[in-house]
Amino acid sequence: MSKKNLKDYPRRVLIVGFWVLLYISCDPKEKRELSGLPNIVIIFADDMGYGDVSALNPSAKTRTPAIDNLIQQGLAFTEAHASASVCTPSRYGLLTGRYAFRSENGAYGIWGFDKPVIEPERKTLARLLKKSGYQTACIGKWHLGLDWQTKDGSGEPNFDEITGYSDVDYHQPVSGGPNDFGFDYSFIHPASLDIPPYVFLRNQEVVDPDMILTTDFYPSRKEDTEYAWDKKHTNDDAVYWEKGVWWRQGEMSRSFRIETCQTEIVKEGVAFIERASENPENPFFLYLPLTSPHTPWVPSEKFKGTSSVGLYGDFIREVDDVVAQVINALKKHGTYENTLFVFTSDNGAYWPQEEIDLHNHDANQGRRGQKGDIWDGGHRVPLVISWPGMTDKPGMVDHLISLTDFYATFAALTGSQTEAGSGEDSFSFWHVLNGDFDTPIRPSMIHHSSRGMYSIRGGGWKYIEGLGSGGFTFPDTETPLENGPQGQLYRVEVDSLEQNNLFSESPEQLQELKEKLERGKRKGETAS
């Protein structure tokens, strides 16, 4: 059959045919595991840079043997980008297949008591997969907002940053969380691990509603506390012990412990794999967003002092160990061969020049900037995909890919039809998983920084609509000089560090990208 005729076949026929062929070709003892749709696990690190994966960065001082092993047997994407350079909009993009700036509810930086940013009827990865028979779970950091109930019944939480108290009624269930967006089971921390409230919610009920303040249990300072560059994120009432080890003042479940939060998350994830594996007729989807290596840098005792990059490097080792634990759980329960395993991060590392100089380690390897920035260091992320029962051509993929692209890809995998108005910024890379490394995934991509600066890349070029980093690197914005460039234009295919601004020298390329960016923001024409 020619390729032309093959394309004429309905997608569902092709999907079913593929699985039949895969079933026939398997070793008999593996037939049960490899029949039907694959299980899917996404481990989503928090603030981990591309250069923190040792197999991707020859100069890395961090070590990630479990992730490196995934790369050896799977696919590593060298031009993978989060849809934004900070937590919340990146997570929105991954789960919905659309850029967060399209959100009706403003999916930008939010706090622990803010409203949900995913629209109530929005199609998500979980809803898409659940429709195809998947058991679905979200276990870990949510950071997409919740509807808390208040003591006065108003539903509009008030939080006093000075005292650390809110008027939330923690004995009441919440809504607007994972269970409202297609997840059958959830066990989450509401936001980042340095943002209150510090609680676990199981299926949208607080596990321990007996609340205290963080400073009722943790001292605000230690005798040897020395402030560093990150002290600017906290006030004098916050807990600050040393660089990277701090969290904001607020309410905390009496049984909650900052230093064991991620351990509890991983235990829950492994337990879900065990339960889901008992029902092999239905594949499972586990979305496991971690709380590390985001601040506070609180690696467990097992990993303290195991790297040359301080507590941050130790925390990276623990992230890698999470990958190893999940893989071991999959193997133990006979589901590893038929699991599509994804490891990635929500944005670039928060790793300023001070840390690069101190440790001789570039967490955002070879790219300018850091978390929050419009430069590539803000949104380029590690992306590794392993599927032992399917991927027989491991390698490095250099095509542009966005974390929004999982929506269209999983639709193709399951033979699902994407509905109008859903996943509009998602492009399928199903062909790459099938071994076609030559066909590009997407023609362009829009980036968005923590301070609302936009850029677009495509055809080897990148246009930024303003001057400065747009994020955490100083200066975040710059006033244009008279007759000077109003923005930034880089030929990134030869200038990956975004050093040579061609704004005034390439007017035709500049105009083309400016128009494409405006169309993309206005009409969602990201494919043009």
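You'll find the structure just up there.
Notes on the structure in this doc start here. Keep in mind that this is a model prediction, so the values were computed, not measured. (Residues numbered from 1 in each chain as written. Predicted model: local features only at pLDDT ≥ 70, side-chain atom pairs only at ≥ 80, totals over all residues. Heavy atoms only, no water.)

What follows covers the overall build of the protein chain. Secondary structure summary: the protein chain contains 13 helices and 20 strands in total. Computed over C-alpha atoms, the radius of gyration of the protein chain comes to 23 Å, within 12% of the 24 Å expected from 2.2 N^0.38 for 528 residues, which places it in the range of a compact globule. Its C-alpha atoms give the protein chain principal-axis dimensions of roughly 75 × 65 × 50 Å. Here the protein chain holds 528 residues, and the buried ones make up 59% of them. Partitioning the contacts of the protein chain with sequence separation of at least 6, the portion at a separation of at least 24 is 69%. For the protein chain, the accessible area works out to roughly 21,100 Å², and carbon and sulfur atoms hold 49% of it. Distance from the positive charge centre (53 side chains) to the negative charge centre (75 side chains) of the protein chain: 5 Å. (Helix = DSSP H or I, 4+ residues; strand = E, 2+ residues; numbered from the N terminus. Rg over C-alpha atoms; globule rule 2.2 N^0.38 Å. Buried < 20%, exposed > 50% of the residue type's maximum accessible area, 1.4 Å probe, protein only. Contact = heavy atoms within 4.5 Å. Areas by Shrake-Rupley, 256 points an atom, 1.4 Å probe, with all protein chains shown as cover. Lys, Arg positive; Asp, Glu negative; His and termini not counted. Charge placed at Lys NZ, Arg CZ, Asp CG, Glu CD.)

Bringing empty space enclosed by the protein into the picture now. A complete count under the given rule lists 2 cavities of 30 Å³ or more for this structure. Quantified by volume, the largest cavity comes out at close to 50 Å³. What lines the largest cavity is L193, I258, E259, T260, C261, Q262, T263, T291, V298, S300, F315 and E318. Of all the elements in the fold, those that place two or more residues in the lining of the largest cavity are α8 (261-277) and α9 (310-332). Estimates place the volume of the second largest cavity at around 30 Å³. In the lining of the second largest cavity, the residues fall into 7 nonpolar, 2 polar and no charged. (1 Å grid on protein atoms, 1.4 Å probe; cavity = no way out; pocket = protein on both sides within 12 Å on 5 of 7 lines; lining within 4 Å. Points joined across faces, edges and corners; volume = space filled by probe spheres on them. Nonpolar A, V, L, I, M, F, W, Y, C, P; charged D, E, K, R; others polar.)

Turning next to the pairing of strand β13 (residues 339-345). Of all 7 residues in β13, 7 are buried; the element is thus mostly enclosed. As paired strands, strand β1 (residues 39-46) and β13 are joined by 7 bridges and run parallel to one another. Bridged to F44 within β13 is T344. Where β13 lies against strand β14 (residues 383-386), 4 bridges are found, and the strand directions are antiparallel. Bridging across to β14, V342 finds its partner in I385. (Pairing = 2+ DSSP bridges.)

Among the secondary structure elements, A363 is positioned in the loop between α10 (353-359) and β14. Through-space distance from the C-alpha of A363 to that of A349 is 6.2 Å; in sequence the pair is 14 residues apart. With sequence-adjacent residues up to four places away left out, A363 is seen in contact with G49, Y50, G51, D52, Y312, A349 and W351.

Evaluated as defined, the whole model comprises 30 salt bridges. For D346, the salt bridge goes to R91, with nearest N and O atoms at 2.9 Å. Taken together, the positions of D346 in the loop between β13 and α10 and R91 in helix α5 (residues 87-96) put the pair 255 residues apart, joining distant regions of the chain. In this structure R91 comes out as buried when scored by relative accessible area, which is 0%. Here E465 and K521 are joined by a salt bridge, their closest N and O atoms 3.3 Å apart. You can see E465 sitting in the loop between β19 (461-464) and β20 (488-490) and its partner K521 sitting in helix α13 (residues 507-523), a full 56 residues away along the chain. You can call E465 partly exposed: its relative accessible area is 28%. Among the residues examined, K521 registers a relative accessible area of 24% and is labelled partly exposed. Linked through salt bridges whose partners overlap, the residues forming this network are E79, R367, D376, R457, K462 and E498. (Salt bridge = Lys/Arg side-chain N within 4 Å of Asp/Glu carboxyl O.)

Taken in spatial order, the 4 strands of this open sheet run β17-β18-β19-β20, and their pairing is antiparallel. Both outer strands of the open sheet, β17 (444-448) and β20, are each paired with one neighbouring strand and no more. Strand-to-strand twist of the sheet, defined as the mean angle between neighbouring strand axes without regard to direction, takes the value 15°. Note: β19 against β20, 3 bridges, orientation antiparallel. Directly across from K462, in β20, lies its bridge partner Y490. (Axes fitted to C-alpha atoms, helices over the stretch in contact; angles between N-to-C directions.)

Attention shifts here to the layout of surface pockets. Using a probe with the size of a water molecule, rolled over the atoms, empty space left in the structure can be pinpointed. Approximately 1,000 Å³ is the volume attributed to the largest pocket. Lining the largest pocket are 48 residues, and of these V86, H233, Y350, K371 and F472 lie nearest its centre. Sorting elements by how many residues they give to the lining of the largest pocket places α10 first, with 3 residues. Here the residues of the lining of the largest pocket sort into 20 nonpolar, 17 polar and 11 charged.

With that settled, consider the environment of Q499. For Q499, the position within the fold is in the loop between β20 and α13. Here the alpha-carbon distance between Q499 and R368, two residues 131 residues apart in the chain, equals 8.4 Å. Polar side-chain contacts of Q499 include one of 3.2 Å to the backbone oxygen of L497. (Polar contact = N/O pair within 3.5 Å; in protein donor to acceptor, adjacent residues only side chain to side chain.)

Moving on to the packing of helix α4 (residues 65-73) against α9. Following both chains from N to C, one finds α4 and α9 inclined at 60°, their axes separated by 7 Å at the closest point. In this view, α4 runs oblique relative to α9, as classed from their interaxial angle. Together, P65, A66, I67 and L70 of α4 and D320, V323, A324 and I327 of α9 make up the contact between the two elements. (Parallel < 35°, antiparallel > 145°, perpendicular 65-115°, else oblique.)

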